[in-house]
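Structural description and commentary
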Amino acid sequence: MTRFFPQEVIRKKRDRGTLSPEEIAFFVKGITDGSISEGQIGAFNMAVYLNGMERDETTAFALAMRDSGDVIDWNSIGLSGPTIIDKHSSGGVGDEKVSLILAPLVAACGIHMPMISARGLGHTGGEVDLMESMGCHIGPPSEVFMKTVADVGCAIIGPTGRLAPADARIYYVRDVTATVESIPLITGSIMSKKLAAGINGLVMSVNFGSGAFMTTIEDARALAQSMLGVAEGAGVPMVTHLGDMDEVMGDAVGSLPQIREVIAFLTGGPREARLEIIVMELAAEVLVMGDLAPDLGTAKSMLAARLADGSAAQRFGRMVAALGGPVDLVGAPDAHLERAPYIRPVFALGEGSVARVDARAVGMALLSIGSGRTRPDQSIDHAVGLTGMIHVGDVAGPERPIAMLHARDEAAWDRAAAGLRAAVTLADAAVPARAVLHDRLATAL
């Protein structure tokens, strides 16, 4: 039997060689059992970052990480067929709430959505942070996760020690070694967790713009194609849309401000136009993929009905309660969701039509007051953030602030407000709103 050595695997990739599935499986196994050091993981990450991976390498890498722990078998609890479908986003400022709206919405239509997500890092947030802000258990036993999906139709949790455990070590080292933006590493991280959930299909938005990891549509397309390649290799149908994240998604940023936006969306409150488009389009793709609707138009009618009759909001409340959160959150959000003590409007320095909202600058401004983290082990302040975010095409002026900024104190508010003002560019002439979804790509399965 061939014997491999970590340094030789690293050297081969450093020298632009193509790793075999056996070499990749060996290295991932060593990451999982601790026989490969953090330094060696960092060297491997940098070699991949600099030299990339071929399609077959990336597929082998994702599958090895999937197989580093348990792979959920839904047949064991009587679930089967095409309705076990996940949704994922590659990230953006304010984008994490899309999953919390979409999952209960499609569950109300008959989909079973097991979602294993991540915490936010840097200027982007994560679904896990939103779930944790409501008091949910983000790392429940697999049995609880599976029961929630079976009973409620959806569950959003974080990576556990039993599902894709190799990814947790690689994810941490990526952040501290400046290798986050590697397409093969992003692909392996996302797809390993998704495939470990035992899904039968996947719908994604792969995002581009200042608020996303991929800044250009070309980079987003390359990432989408990389993940589609893994999905095809694993035999899992996948659809992805390229999403514009050059401005903030929705009206809120920060954990608890976004939870309030989620509840409002599901219960008939205000729905920001771009947010509604991306939720309905991706949710419709899920229903068609799950054979619950013959086409996207019919699917959107089904989704609108589930929003109108309250069943989507009910599923959200049941999911939160099943994962340890409050049982009456939807009906009594003010009893459970803290508000930051210093909430004030931020006005632009001038007035005019909004030509640009730099989502990354918005995220960094809020990061400076604790709404996100710069290291994976940091805690965040769930109450701070913003609501009422202005969008491209809106008119800013004395009657229309940039946003309502939620901070702990006046000094923090002043610090973040300066960043928000700098993030917004105004124009004299009217500016059209930006499209939110662009190209659609799909597997050949």
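Relevant structure appears above.
What this report covers is the structure whose coordinates are included nearby. Fair warning: this is a prediction, and the values are worked out from it, not measured in the lab. (Residues numbered from 1 in each chain as written. Predicted model: local features only at pLDDT ≥ 70, side-chain atom pairs only at ≥ 80, totals over all residues. Heavy atoms only, no water.)

1. Comments concerning the overall build of the protein chain
- Scanning the protein chain for helices and strands turns up 16 helices and 12 strands.
- Buried residues in the protein chain amount to 58% of all 445 residues.
- Long-range pairs, those at least 24 residues apart, make up 79% of the contacts in the protein chain between residues at least 6 apart in sequence.
- Accessible area for the protein chain stands at about 16600 Å²; split by element, carbon and sulfur atoms hold 53% of it. (Helix = DSSP H or I, 4+ residues; strand = E, 2+ residues; numbered from the N terminus. Buried < 20%, exposed > 50% of the residue type's maximum accessible area, 1.4 Å probe, protein only. Contact = heavy atoms within 4.5 Å. Areas by Shrake-Rupley, 256 points an atom, 1.4 Å probe, with all protein chains shown as cover.)

2. Focus on the sheet that holds strand 5 (residues 238-244)
- Pairing in this open sheet of four strands is mixed, and the strands run 1-4-5-12 from one edge to the other. Lying at the two open borders of the sheet, with one neighbouring strand each, are strand 1 (85-89) and strand 12 (437-442). Strand-to-strand twist across the sheet, computed as the mean angle between neighbouring axes with direction ignored, equals 15°.
- Pairing geometry for strand 5 and strand 12, over four bridges, is antiparallel. Across the sheet, T240 pairs through a bridge with L441, a residue of strand 12. (Pairing = 2+ DSSP bridges. Axes fitted to C-alpha atoms, helices over the stretch in contact; angles between N-to-C directions.)

3. Some words on the pairing of strand 7 (residues 352-357)
- Pairing of strand 7 with strand 9 (residues 395-396), which is carried by two bridges, proceeds in the antiparallel orientation. Bridge pairing in strand 9 places S353 opposite V395.
- Bridge count between strand 7 and strand 11 (residues 424-427): four bridges; the pairing is antiparallel. Following the sheet pairing, S353 is matched in strand 11 by A427.

4. Re the nonpolar core
- Ranked by size, the top nonpolar core spans 124 residues in total, and within it I278 and F316 carry the most contacts.
- Considering every element that reaches this core, the biggest residue donor is helix 12 (residues 273-289), with 10 residues.
- Apart from residues lying up to four places away in sequence, I278 is in contact with D95, V98, S205, M245, M249, V436 and L437. (Core = buried A, V, L, I, M, F, W, Y, C linked by side-chain atoms within 4.5 Å.)

5. What about the side chain of E23?
- Tracing the sequence through the fold places E23 in helix 2 (residues 21-33).
- Residue class for E23 comes out buried when judged on its relative accessible area of 12%.
- Within the structure, E23 has its side chain in polar contact with the side chain of K12 (distance 3.0 Å).
- Each residue touching E23, except ones within four places of it in the same chain, is listed here: F4, V9, K12 and T18. (Polar contact = N/O pair within 3.5 Å; in protein donor to acceptor, adjacent residues only side chain to side chain.)

6. Things to note about the packing of aromatic side chains
- Under the counting rule described, the total for this entry stands at five aromatic pairs.
- Considering the side-chain rings of F44 and F61, the 6.1 Å spacing of their centres and the 50° angle between planes classify their relative orientation as tilted. Linking F44 in helix 3 (residues 38-51) with F61 in helix 4 (residues 55-66), this pair joins segments that are 17 residues apart in sequence. An identical accessibility class is assigned to F44 and F61; each is buried.
- On the numbers, 6.4 Å between centres and 70° between planes, the contact of Y342 with W413 is edge-to-face. With a gap of 71 residues between them, Y342 in strand 6 (residues 342-346) and W413 in helix 16 (residues 410-423) connect regions that are remote in the sequence. Summarising the burial analysis for this pair, Y342 and W413 share the class buried. (Phe/Tyr/Trp six-rings, centres within 6.5 Å; stacked < 30°, edge-to-face > 60°.)

7. Quick look at the environment of G324
- Residue placement: G324 occurs in the loop between helix 14 (311-322) and strand 6.
- A C-alpha to C-alpha distance of 6.4 Å links G324 and G135, two positions 189 residues apart in sequence.
- With sequence-adjacent residues up to four places away left out, G324 is seen in contact with G135, C136 and H137.

8. Observations regarding helix 16
- In a regular helix each residue adds 1.5 Å, so 14 residues correspond to 20 Å; helix 16 covers 20 Å between its end C-alpha atoms and thus fits that length.
- By the burial criterion, the buried members of helix 16 are A412, W413, A416, A417, G419, L420 and A423. For helix 16, the arc enclosing every buried residue in end-on projection is 165°, short of the 170-degree limit, so these residues lie on one face.
- Packed against the buried residues of helix 16 are strand 6, strand 7, helix 15 (359-367), strand 8 (385-387), strand 10 (403-407) and strand 11.
- Between the side-chain oxygen at the start of helix 16 and the backbone nitrogen of A411 there is a gap of 3.2 Å, and the oxygen is on D409. (Expected span 1.5 Å × (residues − 1). Arc of directions from axis to C-beta.)

9. Comments concerning the packing of helix 7 (residues 142-152) against helix 14
- Contact pair helix 7 / helix 14: the axes reach a minimum separation of 10 Å and the direction vectors enclose 160°. With respect to helix 14, the element helix 7 is oriented roughly antiparallel. Considering the relative orientation of helix 7 and helix 14, their crossing is right-handed. In this structure, helix 7 contributes V144, T148, D151 and V152 to the contact, and helix 14 contributes R315, R318, M319 and A322.
- Partitioning the contact of helix 7 with helix 14 into residue classes produces four nonpolar, one polar and three charged. (Parallel < 35°, antiparallel > 145°, perpendicular 65-115°, else oblique. Left-handed = near helix turned anticlockwise from the far one by under 90°. Nonpolar A, V, L, I, M, F, W, Y, C, P; charged D, E, K, R; others polar.)

10. Quick notes on the sheet that holds strand 9
- Spatial strand order, 9-7-11: three strands in an open sheet with antiparallel pairing. Each edge of the open sheet is held by one strand with a lone partner, namely strand 9 and strand 11.
- Of the strands in this sheet, strand 7 and strand 11 are in contact with helix 16, which crosses strand 11 at around 40°.

11. Remarks on the pairing of strand 1
- Extensive coverage of strand 1 is indicated by the burial of five of its five residues.
- Going residue by residue along strand 1, you find I85, K87 and S89 tucked away on one face and D86 and H88 tucked away on the opposite face as well.
- Examined bridge by bridge, strand 1 and strand 4 (residues 201-208) share five bridges and lie parallel to one another. The residue bridging D86 from the neighbouring strand is L202, located in strand 4.

By themselves, these observations are geometric and do not establish any function.
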